[in-house]
Amino acid sequence: MESYKTLEIERKNTDSSVFHLILNRPSQLNALSLDFFVEFPKALSSLDQNPDVSVIIISGAGKHFCSGIDLSSLSLIKAQSSSGKNDRGRSSELLRRKIKSMQAAITAVELCRKPVIAAIHGACIGGGVDLVTACDIRYCSEDAFFSIKEVDLAIVADLGTLQRLPSIVGYANAMELALTARRFSGGEAQELGLVSRVFGSKSDLIAEGIAAKSPLAVTGTKAVLLRSREVSVEQGLDYVATWNSAMLISDDLNEAVSAQMKKRKPRFAKL
């Protein structure tokens, strides 16, 4: 398995199909460096293509989940964009390409076929919020706290929070949190709908439950929900009809029906 500077992949149980993708810069509070934006989509893709993987849990090493983008990375991006370019237009075009590349690294979570769960503890700030809003399910511990911090750095959040958060917590709540940059607790995050539950280590148990289900049904449900977020109900229904016309008549369906009739656990083939 490939090694990374900013990440670690862990399989806590050799019999489990739940894999952990860990932000692994604890001495920097897991701040997102430029290396992260290169490595993260590669790591996700490797897990997505691995037939032993059914569910991915993203967490952070050390005391905090993620303290946001590495400030030295911001300075480096600015320096790279202006280096050797007297033409303001060309500098801006280069900076736009860099931002788009970093956006793509976060969007890789949605492009991953396998369900991605965010297990948040401690601080989840700025770029950390960008990352978790792209995840399929979010849980946090009681000590977790959040902040959309970008306005305090005199920048506009540009990696996905402003696009994804309104559909999660509502437009007015997203506006208030983004404009004030205030810190809010895990309990409030649950009230807003940003996280589903607040607890300790149960995210592993829920991930194992998802991993035991039909991989075709799980990946299909994720794909249909993501698609339905962007289209009308009618278009969403048409999309799922097309999806199921291709996937419904499968060995997984036969196995699920047989298992229910015989009152045993189903055994699905890997995807």
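You'll find the structure just up there.
As the structure is a prediction and not an experimental result, all values here were calculated from the model.

**So, the packing of helix H9 (residues 215-228) against helix H10 (residues 233-247)**
Argument step 1. Two elements in contact, H9 and H10, have axes whose closest approach is 10 Å; the angle formed by their N-to-C orientations is 160°. Taken together, the axes of H9 and H10 are roughly antiparallel relative to one another. Considering the relative orientation of H9 and H10, their crossing is right-handed. Of H10, the residues touching H9 (which contributes Leu216, Thr219, Gly220, Ala223, Val224, Arg227 and Ser228) are Gly236, Tyr239, Val240, Trp243 and Met247.

**Some remarks on the pattern of salt bridges**
A side chain of one charge can pair with a side chain of the opposite charge if their charged atoms are brought near each other.
Argument step 1. Applying the stated rule across the entire model yields 14 salt bridges.
Argument step 2. For Arg113, the salt bridge identified is with Asp48, shortest N-O distance 3.0 Å. Of this pair, Arg113 sits in the loop between helix H3 (88-111) and strand S4 (116-120) while Asp48 sits in helix H1 (residues 34-49), and the two are 65 residues apart along the sequence.
Argument step 3. Between Asp87 and Arg90 there is a salt bridge; the shortest N-O distance is 2.6 Å.
Argument step 4. When its relative accessible area of 56% is taken as the criterion, Arg90 is described as exposed.
Argument step 5. A network of salt bridges, in which partner residues are shared, links Glu110, Arg164, Arg229 and Glu230.

**Here's the deal with the sheet that holds strand S1 (residues 7-10)**
Argument step 1. What the six strands build is an open sheet, ordered S1-S2-S3-S4-S6-S9; its pairing is mixed. Each having just a single partner strand, S1 and strand S9 (197-198) make up the two edges of the open sheet.
Argument step 2. The sheet contact formed by strand S2 (residues 18-23) and strand S3 (residues 55-60) spans six bridges and is parallel. Bridged to Leu23 within S3 is Gly60.

Basis of the calculations
The numbering scheme is per chain: residues are counted from 1 as the chain's sequence reads. Confidence filtering applies because this is a predicted model: local features only for residues at pLDDT of at least 70, side-chain atom pairs given and counted only at 80 or more, and all residues used for totals across whole chains, interfaces and linings. Excluded from the side-chain calculation are hydrogens and water; included are all heavy atoms of the structure. With axes taken as lines fitted to C-alpha atoms, and helix axes fitted only over the stretch in contact, angles between N-to-C directions fall between 0 and 180 degrees. A run of H or I in DSSP becomes a helix once it reaches four residues, and a run of E becomes a strand once it reaches two; helices and strands are each numbered from the N terminus. Roughly parallel means an angle under 35 degrees; roughly antiparallel, over 145; roughly perpendicular, 65 to 115; everything else is oblique. Working rule for handedness: look at the near helix, and if it is turned counterclockwise from the far one by less than a right angle, call the crossing left-handed; if clockwise, right-handed. Contact between two residues is taken to exist if any of their heavy atoms lie within 4.5 Å; hydrogens are not considered. Within this document, salt bridges are pairs made up of a side-chain nitrogen of Lys or Arg and a carboxyl oxygen of Asp or Glu, the two lying within 4 Å of each other. A 1.4 Å probe rolled over the protein chains alone gives each residue an accessible area, and that area as a share of the maximum for its type sets the label: buried under 20%, exposed over 50%, partly exposed in between. One requirement defines pairing of two strands: DSSP has to find at least two bridges between them.

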